[in-house]
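Descriptive structure summary
Chain by chain, the residues run as shown.
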Amino acid sequence: MMTNLNMETAEELQIANYGIGGHYDPHFDHARKEESKSFDTLGTGNRIATVLFYMTQPVHGGGTVFTDVKSTILPSKIANYGIGGHYDPHFDHARKEESKSFDTLGTGNRIATVLFYMTQPVHGGGTVFTDVKSTILPSKNDALFWYNLHKFGDGDTRTRHAACPVLVGIKWVSNKWIHERGNEFRRPCGLKISDYERFAGDLGFGPEPRVAPNLSPDLSKDIFNTI
C-alpha cells in the first residue's frame, strides 16, 4: 500500500455501480462526534483514510467533488498492457492545430500528467521520452509526473513519449491529466526568462534559479521578449 498504513483492520471493499444519473449526496466517510459509536461493532476505531478505486471511466460526468474546497476529481484513465502491449509516441497536450480538443471539458489544455504504475512487468513496458532519449522503467506503486506545457502556454515538444512493449508479465497503469483551469495562480507565467520553466515539482515558491538549465533548445530569447 502506497500510504504505508496497516491494512489488517481495513474494512472490506465496497463496490458501487452508478448508471445514468447515478450520484451520491455530500457526506463524510468518517464518523463525526455525534456518531462516535458508528464503528463500535467493528472494534477498529474511526475511518482514518479512504482509498477510492475507479474501475471504469464514464464518457461524461461521474466526478468526485469535495464541496468545501471546491475541487473536482474526474475518474482516471486505466490501461492494461499484456505481452507486446505498447503505445506509439504521442503528446498528452493538445497542439496548436488541435486547440479545440478539450473544448467540451471547458478546462483548458493538459498542463501536466501523473502516470501511476499499478503493477510492474518482469521485462519491458518502460515509458520512453523520445526527444530526450530517456526511459523510465515501471516500478509498482510509483508515479511519474511531468509538465506538458511551458509556463507561457505552448506545448513542450520534449514531452513526446511512448510506452515500450511488455516482454514478460503484465502492466497496469493509471493516468491523471491536470488541466490549466484552476492552476492560473499555482503555476503562473513568470516575469523572467528563468521563470518560464523550472524542474517538475517546483510550483514557483522556491528560490530563483541562477540559470535556466531546463529551457528547451528550440526556444530563443526573442520568444520571451515578445511575450
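In case you missed it, the structure is sitting above this.
Notes on the structure follow. (Residues numbered from 1 in each chain as written. Predicted model: local features only at pLDDT ≥ 70, side-chain atom pairs only at ≥ 80, totals over all residues. Heavy atoms only, no water.)

1. A short note on the overall build of the chain
Put simply, the rule reads: Runs of H or I in DSSP of at least four residues are treated as helices and runs of E of at least two as strands, each being numbered from the N terminus. Buried residues are those whose accessible area, probed at 1.4 Å on protein chains only, stays under 20% of the maximum for their type, while exposed residues exceed 50% and partly exposed ones sit between those limits. Residues count as neighbours in contact if any of their non-hydrogen atoms are within 4.5 Å of one another. The Shrake-Rupley method, run with a 1.4 Å probe, gives the accessible areas here. Residue values count only the displayed protein chains as cover.
On a plain count of helices and strands, the chain comes out with one helix and twelve strands. In the chain, the succession of helices and strands from N to C terminus is β-β-β-β-β-β-β-β-β-β-β-β-α. Buried residues in the chain amount to 27% of all 227 residues. Taking all contacts inside the chain whose residues are at least 6 apart in sequence as the whole, residues at least 24 apart take part in 67%. Put simply, the chain shows about 16300 Å² of open surface, and 56% of that area lies on carbon and sulfur atoms.

2. Side note on the sheet that holds strand S5 (residues 110-117)
Defined as follows: When DSSP finds at least two bridges between two strands, those strands are taken to pair. Lines fitted to C-alpha atoms define the axes here, with helix axes fitted over just the stretch in contact, and angles between the N-to-C directions of these axes take values from 0 to 180 degrees.
Across the sheet, four strands lie side by side as S3-S12-S5-S9; this open sheet has antiparallel pairing. The open sheet terminates on both sides in strands that have one partner only, identified here as strand S3 (77-81) and strand S9 (143-147). Looking at each pair of strands side by side, their axes are set apart by 20° on average, direction ignored. Pairing between S5 and strand S12 (residues 171-179): seven bridges, direction antiparallel. Note that in S12 the partner of Tyr117 across the bridge is Val173.

3. Some remarks on the nonpolar core
Within soluble globular proteins, side chains that are nonpolar generally end up buried alongside one another. Threshold: Put simply, a nonpolar core is a bunch of buried Ala, Val, Leu, Ile, Met, Phe, Trp, Tyr and Cys residues held in one set by side-chain atoms that sit within 4.5 Å of each other.
Ranked by size, the top nonpolar core spans ten residues in total: Ala79, Tyr81, Leu115, Tyr117, Phe129, Leu144, Trp146, Ala163, Val166 and Val173. For this core, the secondary structure elements donating two or more residues are S3, S5 and S9. Not counting chain neighbours up to four residues away, the residues in contact with Val173 comprise Lys77, Ile78, Ala79, Tyr81, Leu115, Phe116, Tyr117 and Met118.

4. Re the sheet that holds strand S4 (residues 87-90)
Across the sheet, which stays open at both edges, the four strands sit in the order S4-S10-S7-S8 with antiparallel pairing between neighbours. A single partner strand is all that each edge strand has here, and the edge strands are S4 and strand S8 (134-136). For this sheet, the mean angle separating the axes of adjacent strands, direction not counted, is 15°.

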